[in-house]
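Reading the structure
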Amino acid sequence: MFDTAILTLNAGSSSIKFAVFAPGEEPALRASGQVENLSPTQQTRLIVEADGERQRADIDANDHAGALAAILDHADRLFGDATVAGVGHRVVHGGTDFTVPTLLQPDTIAALRALEPLAPLHQPHNLACVEAAAAAFPDALQIACFDTAFHRTHPFVNDTFALPRQWFDRGVRRYGFHGLSYEFITSEIARTEPELATGRVVIAHLGNGASMCAVRDGRSVGSTMGFTALDGLPMGTRCGQIDPGVLLYMMQHEGMSADAIADLLYRESGLKGLSGLTHDMRTLEASDDPRAAEAIDYFVFRIRRELGGMSAVLGGLDALVFTGGIGENSARVRREVCEGMEWLGIAIDDDMNAGNARDIGTDRVRVMVIPTNEELVMARAVAGALSAAH
């Protein structure tokens, strides 16, 4: 048993993923789970995995405080007699000022609230979870881990837009996201493939949210995402890259309001909008509806296009890594991304790919499938803060 515990919380608009770790030089996972369908209009479900068992239960919760309360109803299974000493929070946007894990205090939270317009789908829910956790664990360290921090090593040309310089100085720049995932993948490469850790790697984080990152010497030098989490690849319900003239047309000639356009771009586009069916890649792959195939084709096309661009940013390519829910599990997407890429040094073994093997490449460029672990990145940050505090 362990005396103290680290809790990690990854809050989305309609879900909370959580994990419990025993502190140590490398935190050890003890339990995990998630709250799904966190909405007044749906049945909310809690999933807890502990002691080798997985339990599901319908719960009565329609906000993040209620969800955390439901999680704590299982405190005996999650924590036993241990005291929660630290809580790690995924915070999507840290702006230009927050570049390392940070102790959450009132002034810090106020500064993060000011960034909510830059990440409207995530930041308010991240901070709602912070408030709920602070109330539940008043004596624990609350540590924010930022999805934007990993990308603060970008050179100027990969951070700026071609706008008057005053806008860059005011914070209108390319921030990049999914940084906790990229931090884990780079740490895993450094641990298991030290000769590759200094190389040129493109990481494709493909899931309901999707982006790609160009990494050199373990540092981010380019990202497909920009000022917000809308840019770059198409996602489950987000549009990805779009001509800004389309938005001007919608406002000036179709009479759409900013709120209506935001709803369209964030919630009704991407795979869901293209297919007219669903945002779920598993359902699309199983469908015989031609619109489902077209949505997948567009998703793959954009990944291939960005792969070429990220390789140019790096001046070549030593490895391509697939991660995220789709990247780790969809053999079809990986196969179609890699088909015809021999000119870049990419080819894969179909059997290894179908089996989700770690190494699926057969040409000069390594092609790898590495499951991400954002929770462990947060737990490491909290363990470091606890060590420093003591």
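Shown above is the structure to which this text applies.
Throughout what follows, the structure given in this document is the object of discussion. As the structure is a prediction and not an experimental result, all values here were calculated from the model. (Residues numbered from 1 in each chain as written. Predicted model: local features only at pLDDT ≥ 70, side-chain atom pairs only at ≥ 80, totals over all residues. Heavy atoms only, no water.)

**Details of the sheet that holds strand β12 (residues 319-323)**
- Spatially, β11-β10-β9-β12-β13 is the arrangement adopted by the five strands of the open sheet, whose pairing is mixed. Strands at the two margins of the open sheet, each flanked by one partner only, are β11 (219-223) and β13 (366-369). Going across the sheet, the axis of each strand differs from the next one's by a mean of 25°, ignoring polarity.
- As paired elements, strand β9 (residues 200-205) and strand β10 (residues 211-216) share six bridges and run antiparallel to each other. The partner of His205 across the bridge, within β10, is Ser211.
- Packing of helix α12 (residues 290-314) onto the sheet brings it into contact with β9, β10, β11 and β12, and relative to β10 it is tilted by some 20°. (Pairing = 2+ DSSP bridges. Helix = DSSP H or I, 4+ residues; strand = E, 2+ residues; numbered from the N terminus. Axes fitted to C-alpha atoms, helices over the stretch in contact; angles between N-to-C directions. Contact = heavy atoms within 4.5 Å.)

**Structural notes on the environment of Gly240**
- Here Gly240 shows up in the loop between β11 and α8 (244-253).
- With relative accessibility at 3%, the residue Gly240 sits in the buried group.
- Between the C-alpha atom of Gly240 and that of Thr102, which follows or precedes it by 138 residues, the distance is 30 Å. (Buried < 20%, exposed > 50% of the residue type's maximum accessible area, 1.4 Å probe, protein only.)

**Thoughts on the pattern of salt bridges**
- Evaluation of the coordinates by the stated rule reveals 21 salt bridges.
- Of the charged contacts in the structure, one is a salt bridge between Arg90 and Asp147, with a shortest N-O distance of 2.7 Å. Of this pair, Arg90 sits in strand β6 (residues 83-91) while Asp147 sits in the loop between β8 (141-146) and α5 (156-159); the two residues are 57 residues apart in sequence, bridging distant segments of the chain.
- Salt bridges here are not isolated pairs; linked through shared partners, they connect Arg332, Arg335, Glu336 and Glu339. (Salt bridge = Lys/Arg side-chain N within 4 Å of Asp/Glu carboxyl O.)

**Focus on the packing of aromatic side chains**
- Following the criterion strictly, the structure yields six aromatic pairs and no others.
- Seen in terms of ring centroids, Phe79 and Phe137 are 6.3 Å apart; in terms of plane orientation they differ by 85°. Their pairing is edge-to-face. Here Phe79 is found in helix α2 (residues 75-79), whereas its partner Phe137 is found in the loop between α4 (123-136) and β8, with 58 residues between them in sequence.
- Owing to a relative accessible area of 4%, Phe79 belongs among the buried residues under this scheme.
- When the ring centre of Trp167 is taken as origin, the NZ or CZ atom of Arg170, which lies over that ring, is 4.4 Å away.
- The ring centre of Phe168 lies 3.8 Å from the NZ or CZ of Arg173, which sits over that ring. (Phe/Tyr/Trp six-rings, centres within 6.5 Å; stacked < 30°, edge-to-face > 60°. Lys NZ or Arg CZ within 6 Å of the ring centre and 35° of its normal.)

**Some words on the sheet that holds β8**
- What the eight strands build is an open sheet, ordered β5-β4-β3-β2-β1-β6-β8-β7; its pairing is mixed. What marks the edges here is a single partner per strand, and that holds for β5 (53-59) and β7 (102-103).
- As paired elements, β6 and β8 share six bridges and run parallel to each other. Residue pairing across strands places Val91 opposite Phe146, the latter belonging to β8.
- Docked against the sheet, helix α1 (residues 64-72) engages β1 (4-11), β2 (16-22), β3 (28-36), β4 (44-50) and β5, running at close to 40° with respect to β2.
- This element, α4, spans β1, β2, β6 and β8 of the sheet and lies at about 170° to β6.

**A word on empty space enclosed by the protein**
- The final tally for this structure, using the stated rule, is one cavity of 30 Å³ or more.
- Approximately 30 Å³ is the volume found for the largest cavity.
- Every residue lining the largest cavity is listed: Leu118, Ala119, Pro120, Leu121, His122, Thr228, Ala229 and Tyr266.
- Of the residues contributing to the lining of the largest cavity, the split by class is six nonpolar, two polar and no charged. (1 Å grid on protein atoms, 1.4 Å probe; cavity = no way out; pocket = protein on both sides within 12 Å on 5 of 7 lines; lining within 4 Å. Points joined across faces, edges and corners; volume = space filled by probe spheres on them. Nonpolar A, V, L, I, M, F, W, Y, C, P; charged D, E, K, R; others polar.)

**Regarding unusual backbone geometry**
- Even without being a glycine, Asp217 presents a positive backbone phi close to 55°.
- For Asp217, the location among the structural elements is in the loop between β10 and β11.
- The class of Asp217 is partly exposed, set by a relative accessible area of 47%.
- For Asn356, which is not glycine, the phi dihedral falls at a positive 55°.
- Note that Asn356 resides in the loop between α15 (350-354) and β13.

**So, the side chain of Thr8**
- For Thr8, the location among the structural elements is in strand β1.
- Those residues in contact with Thr8 that lie beyond four places of it in its chain are Lys17, Phe18, Ala19, Phe21, Gly88, Glu375, Met378 and Ala379.

**A look at the nonpolar core**
- Among the nonpolar cores identified, the biggest contains 55 residues, and Leu206, Phe299, Leu307, Val333 and Ile346 are the most heavily contacted of them.
- Every residue in contact with Phe299, bar those within four places of it in the chain, is listed here: Leu206, Ala210, Pro234, Leu271, Met281, Ile326 and Val333.
- In this structure, Ile16, Val20, Val48 and Leu68 belong to the second largest nonpolar core, which totals 29 residues. (Core = buried A, V, L, I, M, F, W, Y, C linked by side-chain atoms within 4.5 Å.)

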